[in-house]
Amino acid sequence: MQKGAHLYSLWNWPFSEIFGYKTQGCRKAMCIAGYIFSCGALLLLFYWKPAWDVWANCIPCNLQEADVILLRTTDEFQKYTRKKVTWIDLSKLNLSVRDTSDSLFIADKDSVINRAIMKPELKVRSIQVQKIQYIWDLSVKQFQKVGSLDDRNSCYDIHHKFGTGLTREEQNIRRLVCGPNAIEVEIRPIWKLLFKEILNPFYVFQTFTLTLWLSQGYVEYSVAIIILSVISIGLTVYDLRQQSVKLHDLVEEHNKVQVTACTKDEGCKKLESRYLVPGDILVLEGKKHSLPCDAILIDGGCIVDEGMLTGESIPVTKTPLPHTENTKSWKTHSAEDYRRHVLFCGTEVIQTKPTGKGPVRAVVLQTGFNTAKGDLVRSILYPKPMNFKLYRDAFRFIMILTLIGVLGLIYTVCVYVQHKTGTLTEDGLDLWGLIPSEGSRFQNIHSFASGTPLPWGLPCGAMASCHSLIVLDEKIQGDPLDRKMFEGTCWEMEDSSTAHSKAGVPDTSVIVKPGPNARNAPVDGIAILHQFPFSSGLQRMSVITQQLGKDQYDLYMKGAPEMVTSFCRPETVPTDFVKELKVYTTQGFRVIALAHRALNMGKDVELDNLEREEVESDLTFLGLLIMENRLKAESKPVLEELSTARIRSVMITGDNLQTAVTVAKNSGMISKTSKVILIEASEPEGPTPASITWQLVEDSKQIAAGITDTCVNIEERTIPERESNNYHFALNGKSYQVIVKHFKSLLPKILVNGTVFARMSPGQKSSLIEEFQKLNYYVGMCGDGANDCGALKMAHAGISLSEQEASVASPFTSQVPNIECVPELIREGRAALVASFAVFKYLTLYGLTQFIGTALLYWQLQIFGNYQYLMQDVVITLLVCLTMSLTQAYPKLAPYRPPGQLISPPLLLSVILHTGITAIMLVCGFLLVKQQPWYSEMANHRECPPATHSLTIPNRNGTANATDVPSSVLSYEDTTLWPLATINCIILAFVFSKGKPFRKPVYTNYIFSVLLLTQLGICLFLLFADINAVYKGMLLLCTPTIWRVYILIMLFVTFCVSFFVEDVVLQNRHLWLLIKKCCRFRSRSQYRKWQRKLEKDPTWPPLKRKDFAENSKNEIYINPIYEHDEEN
């Protein structure tokens, strides 16, 4: 590592190495001289290579002395970025005088700003990387990020350090150091975009070649290329400008929101949101508005719409950060549920719920590009680079062609010396039944289909109150599951009124009352006083309620049955709980458990300060709520289509494992004849090491189908299911985490046949996809956007079924909310890949055809004419490339995928064979024309004689006319080779336009077909026209008609041979499989290696046994990536 190098998490995607450099005067002077003497070429080179610019102008130094910073990514790309160190001058703020050098400018003594201010200069060194500001920490000698509060602050610190607001002076310091609270996306001026595009290496090379062509007299051809280049640059600049404008308009409206902020010395006042800084107190008013920053709620509650982040426009309840005095980080204290206290930038506040202490208040946590929305925008501005093998192969291929070009250059020099010359179920849930529990025994089922109102009891109270529903615009809004559950009680909902407030019910509460169709209940209603919101990690939610007119307080909980029962007193859980749960989960029902606890607390208790762990204990089990979610009509046919195409489907869900297995069977993901092996893994307990059990799932009668939010994970596979062992593994998130932690060696074996992964957290979804990728699977992820963003980002191809802004996380967004888009994307992707390879091969053969023809002509110091090149390049090749890829995808998925590598035997052999065929045809034409009796080296027969006359046969040495002037274009060789090369380009375009099995037949591409016929007609017209003006303009000679017929015969033979080679030999899948078999070729993919290994293992899969971890000391923990970033 270079001097001054440090490893920081500076970039949006990888880590970066950072190097310090100091500008040296003499080096800079030498570089300026180099710019002048090289006519700007050296400056252009430094523009393309910023690292070279730094190395040439600067000398290495430590970071503390550096004025230039060089960043290098530590991924496989090793990309360099140059950054200038800037100084932030705080002296212009007229700060109050500090007597001692260790005095604090920021009240928060742990703030990095205090450690970054140089005294007495009052200056701060900073750099900006991908819109994020970093300042130099004098104590630890490294750059630290600013723009957010320190995560080490405890709940106590948040309330006491920032609860009263910042001073005016501290606001100014933070504002100057952290920058404005704005997500500013510049609309780049057209001249800048134009300048950057022109300096692209391609256009610089184009300028160089244009200079050569103009010097050789190719004026018309050069003008055509200039026109095409101008159009290309114009379209690119226009597209970039439009993207810049759209992104700017998307974020600009949130940069100038009027908010109310409070300071210590000036109180509360209105100001523009761009002036907010981390630590400010933000007052949330009752009207709807978008949040301009990330903030921690400290007083009151509110309901927000997080559709921008999650993809689901359903209300989310936010609760204030508790007033605890422990020293834990506020995020650690709230575990993975800390998000319930955070208001994210870009989300919309629907409703505020102030407490008796005052208005709803929040502490600004992060500003600008540090926020959740800022992170989304940065992911657009600075996308993670994709290192597709196709790009690497293309670069190698271009290097090979460059080598051929160099050989051609050497050839021309030698000749000159010698001769002077790219979810499964319905959205709604239906209530099926309620199985109440009493006296540790299940009671009779209440069927909702019967239409009988639900009788009053604690289960009814739980269904009526344990939810996050709100009344907005006189409509009940919230999670669809909560709405369906509440509707089953026939109760009504309203906001707390003045009358209720007088009765002791807070005016922020939601009131539920029996409706006219409900059973008679001994209560007037229930007030929902406090919520502990649901989270996918905790798998539960609970509420604290009060019966109207009474001092009785209750806690109701609902959630995953396994999770809820863990909080219940064991004697209240029926002994047949597991058996009863299995009865319904194996039928595909969704099962939710209900629980209750009577709370003994006074009226003066601060509900916001209650710890969840304190009240969620010693509960009484109330019963099971059974819901069904029918399989979408499109799901089963799609999964069958994928299975027929030998594409493996994997289910990742947050639902119960038995339910997921049932749906996998009903949807066809698991065939009826397949075995399902249930894997259960347990953490070590005391001296007992971690264990894993393998149990065969018993077949049961399938009555109904259903599942919850399901993600379909598609991976390509190349073997039919019947060739692999006919079994599938099923496990839940808890077992998956134990396996990753203690049984890492078993993980590849399980994933090769793992089909159902239930109760998976967002972080586990991302980890699972990463593990599949390690086995060399190409993974596609289809999700609804909620809690799937991390997995969508991780997959090779992510498909979001949501059109919200969360679709930013995935490269593809479906407008149809079902998985029909999956096979469609695969079909289009395969067709695009085949079309790309076809265009690549065509352009390669087109270039080699011209190369061979030019080399043959150059042997006699001759070249193709200006309009001849123009005809080949523009009229033929350009139009072919624009229309060849318009052929649509074949409607049926093939049971194998197309070749995915440019440097592969079929493609290389195709290029080599067609190059050989073309070379033989051109050489034959070149040699045969010389043997014709009418051939002359000094040809001058521009005009064709009348049909009654024959061609005059000149002297073969060209002495028929002493006044003829030799031409470098006008020759019989050129007249023969040009139609051969030009029509051969049309032949290759047709031959390479492969149809079935990945694209429709070429004749269905009407534009392309008509174009080829038109081009062929033009070429034949030029060949047989016998029009003097045409021959003169194209610099062609008149030849006997029989010779032109011979040219057609050579082209026809070439077409037949080329078509046979490409379609019968190179595209013959059975032939290639036979060759692979004879050569004993085996796939090097990791998953194929494991499949072959497991097929030979008689002990696999294990059944009805329990294994223990051999060594629990060397634990391998689950990759926590995206664990807390699933919604960003």
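Residues numbered from 1 in each chain as written. Predicted model: local features only at pLDDT ≥ 70, side-chain atom pairs only at ≥ 80, totals over all residues. Heavy atoms only, no water.

**Points about the overall build of the protein**
Here is step 1: Scanning the protein from terminus to terminus reveals 34 helices and 41 strands.
Here is step 2: A total of 1128 residues make up the protein; the buried ones form 52% of that total.
Here is step 3: Accessible surface, the protein as shown: approximately 52,200 Å² in total, 57% of it carbon and sulfur. (Helix = DSSP H or I, 4+ residues; strand = E, 2+ residues; numbered from the N terminus. Buried < 20%, exposed > 50% of the residue type's maximum accessible area, 1.4 Å probe, protein only. Areas by Shrake-Rupley, 256 points an atom, 1.4 Å probe, with all protein chains shown as cover.)

**Some remarks on the state of the cysteines**
Here is step 1: This model, assessed by the stated rule, comprises one disulfide.
Here is step 2: A sulfur-sulfur separation of 1.9 Å characterises the disulfide bridge that pairs Cys262 with Cys268. An S-S torsion of about 85° defines the bridge between Cys262 and Cys268 as right-handed.
Here is step 3: Cysteine Cys490 is unpaired, with the sulfur of Cys460 as its nearest cysteine sulfur at 8.9 Å.
Here is step 4: Judged by its relative accessible area of 29%, Cys490 is partly exposed. (Disulfide = S-S within 2.5 Å.)

**Some words on the packing of aromatic side chains**
Here is step 1: For the structure on display, the rule yields 24 aromatic pairs.
Here is step 2: Residues Phe442 and Phe621 carry aromatic rings whose centres are separated by 6.1 Å and whose planes lie at 85° to one another, so their mutual orientation is edge-to-face. With Phe442 in strand β21 (residues 441-442) and Phe621 in strand β31 (residues 620-628), this pair connects stretches of sequence that are 179 residues apart. As far as burial versus exposure is concerned, Phe442 and Phe621 are alike and both buried.
Here is step 3: For the ring pair Phe577 and Phe621, a centre distance of 5.7 Å and an interplane angle of 85° mean the geometry is edge-to-face. Here Phe577 is found in helix α18 (residues 577-585), whereas its partner Phe621 is found in strand β31, with 44 residues between them in sequence. Comparing Phe577 with Phe621 shows no difference in burial state: the two are buried.
Here is step 4: Here the aromatic cluster, defined as three or more aromatic residues joined through ring pairs, consists of Trp934, Tyr935, Tyr972, Trp1043 and Tyr1046. (Phe/Tyr/Trp six-rings, centres within 6.5 Å; stacked < 30°, edge-to-face > 60°.)

**Observations concerning the sheet that holds strand β13 (residues 289-290)**
Here is step 1: Taken together, the four strands give an open sheet; going across it, the order is β13-β18-β15-β16, and neighbouring strands pair in antiparallel fashion. Of all the strands in the sheet, the pair left with one neighbour each is β13 and β16 (315-318).
Here is step 2: Here four bridges tie strand β15 (residues 301-305) to β16, and the two strands are oriented antiparallel to one another. When the sheet's bridge partners are listed, Asp305 is paired in β16 with Pro315. (Pairing = 2+ DSSP bridges.)

**A word on the pairing of β31**
Here is step 1: Among the nine residues in β31, eight count as buried, and that is most of the element.
Here is step 2: Summarising the sheet, strand β20 (residues 430-438) and β31 pair through six bridges and their orientation is antiparallel. Residue pairing in the sheet places Asp430 in a bridge with Glu628 of β31.
Here is step 3: In terms of strand pairing, strand β30 (residues 590-599) meets β31 through seven bridges, oriented antiparallel. By the bridge assignment for β31, His596 is matched with Thr620.

**Brief notes about helix α3 (residues 50-57)**
Here is step 1: Considered for burial, the residues of α3 that qualify are Ala51, Asp53, Val54 and Asn57. One face of α3 carries all of its buried residues, which in axial projection span an arc of 160°.
Here is step 2: Check the buried side of α3 and you find it contacts β2 (16-23), α1 (25-37), α2 (41-48), β3 (58-61), β4 (68-73) and β5 (80-84). (Arc of directions from axis to C-beta. Contact = heavy atoms within 4.5 Å.)

**With respect to the pattern of salt bridges**
Here is step 1: Considering all chains together, one arrives at 22 salt bridges under this definition.
Here is step 2: Here Asp1026 ties to Arg1044 by a salt bridge, and the two come within 2.6 Å at their closest N and O atoms. Of the two residues, Asp1026 is situated in the loop between α30 (1006-1024) and α31 (1028-1034) and Arg1044 in helix α32 (residues 1041-1066); the sequence distance between them amounts to 18 residues.
Here is step 3: Since its relative accessible area comes to 39%, Asp1026 is described here as partly exposed. (Salt bridge = Lys/Arg side-chain N within 4 Å of Asp/Glu carboxyl O.)

**Observations regarding the packing of α1 against α3**
Here is step 1: Running from N to C, α1 and α3 cross one another at 125°; their axes reach a closest spacing of 8 Å. With respect to α3, the element α1 is oriented oblique. Of the residues in α3, those touching α1 at Arg27, Lys28, Cys31 and Tyr35 are Asp53, Trp55, Ala56 and Asn57.
Here is step 2: Residue composition of the contact of α1 with α3, grouped by class: four nonpolar, one polar and three charged. (Axes fitted to C-alpha atoms, helices over the stretch in contact; angles between N-to-C directions. Parallel < 35°, antiparallel > 145°, perpendicular 65-115°, else oblique. Nonpolar A, V, L, I, M, F, W, Y, C, P; charged D, E, K, R; others polar.)

**Quick notes on the side chain of Arg540**
Here is step 1: Note that Arg540 resides in strand β28 (residues 540-547).
Here is step 2: Given a relative accessible area of 8%, Arg540 falls into the buried group.
Here is step 3: Side chain to side chain, Arg540 and Glu616 meet in a polar contact 2.9 Å long.
Here is step 4: What Arg540 contacts, discounting residues up to four positions off in sequence, is Pro533, Phe534, Ser535, Met557, Lys558, Gly559, Met563, Phe567, Arg612 and Glu616. (Polar contact = N/O pair within 3.5 Å; in protein donor to acceptor, adjacent residues only side chain to side chain.)

**Focus: the confidence of the model for the protein**
Here is step 1: Here the protein shows a mean pLDDT of 78. Residues at 70 or above account for 81%.
Here is step 2: Below pLDDT 50 for its whole length, residues 699-724 participates in 111 contacts with residues either more than four positions away or in separate chains.
Here is step 3: A low-confidence stretch, residues 958-966 stays under pLDDT 50, and its non-local contacts, those more than four residues away or across chains, total seven contacts. (pLDDT = per-residue confidence, 0-100.)

**Observations regarding the packing of helix α7 (residues 190-198) against helix α9 (residues 219-252)**
If you want to describe how two helices pack, look at the angle between their axes and the distance between the axes.
Here is step 1: Relative orientation of the contacting elements α7 and α9 amounts to 130°, with a least axis distance of 10 Å. In terms of orientation, α7 lies oblique with respect to α9. Pair α7 / α9 crosses with right-handed handedness. Between α7 and α9, the residues in contact are Ile190, Leu193, Leu194, Glu197 and Ile198 and Ile233, Thr236, Val237, Leu240 and Arg241, respectively. (Left-handed = near helix turned anticlockwise from the far one by under 90°.)

**Remarks on the nonpolar core**
Here is step 1: Core analysis: the largest hydrophobic core is formed by 64 residues, its most contacted members being Tyr842, Met884, Leu922, Leu977 and Leu980.
Here is step 2: The leading source of residues in this core is helix α29 (residues 972-992), at 13 residues.
Here is step 3: Aside from chain neighbours lying at most four places away, what touches Leu922 is Thr849, Ile852, Gly853, Leu856, Leu977, Leu980 and Ala981.
Here is step 4: Counting residues in hydrophobic clusters, the runner-up holds 39 residues, among them Val650, Ile677, Leu731 and Tyr777. (Core = buried A, V, L, I, M, F, W, Y, C linked by side-chain atoms within 4.5 Å.)

**Examining helix α22 (residues 733-742)**
Here is step 1: Burial runs high along α22: eight of the 10 residues are buried.
Here is step 2: For α22, the complete set of buried residues consists of Gly733, Ser735, Tyr736, Val738, Ile739, Val740, Lys741 and His742.

**Details of the environment of Ser1085**
Here is step 1: The topology assignment puts Ser1085 in the loop between α33 (1069-1078) and α34 (1086-1095).
Here is step 2: As a C-alpha pair, Ser1085 and Tyr777 span 308 residues in sequence and 8.0 Å in three-dimensional space.

**Here we look at the side chain of Ser437**
Here is step 1: Along the polypeptide, Ser437 turns up in strand β20.
Here is step 2: A residue is classified by how much of its surface remains accessible, and Ser437, at 12% relative accessible area, is buried.
Here is step 3: Filtering out sequence-adjacent residues up to four positions away, Ser437 remains in contact with Phe442, Thr572, Pro574, Phe621, Leu622 and Gly623.

**Considering a nonpolar patch on the surface**
Here is step 1: Taken together, the side chains of Leu214, Val219, Val223, Ile227, Leu228, Ile231 and Leu235 make up a nonpolar region of the molecular surface, amounting to roughly 580 Å² of accessible area.
Here is step 2: If one sorts the elements of the nonpolar patch by residue count, α9 sits on top with six residues.
Here is step 3: Inspection of the secondary structure assignment puts Leu228 in helix α9. (Patch = residues over 30% accessible without salt bridge, like charges linked within 9 Å, V, L, I, M, F, W, Y side chains within 5 Å.)

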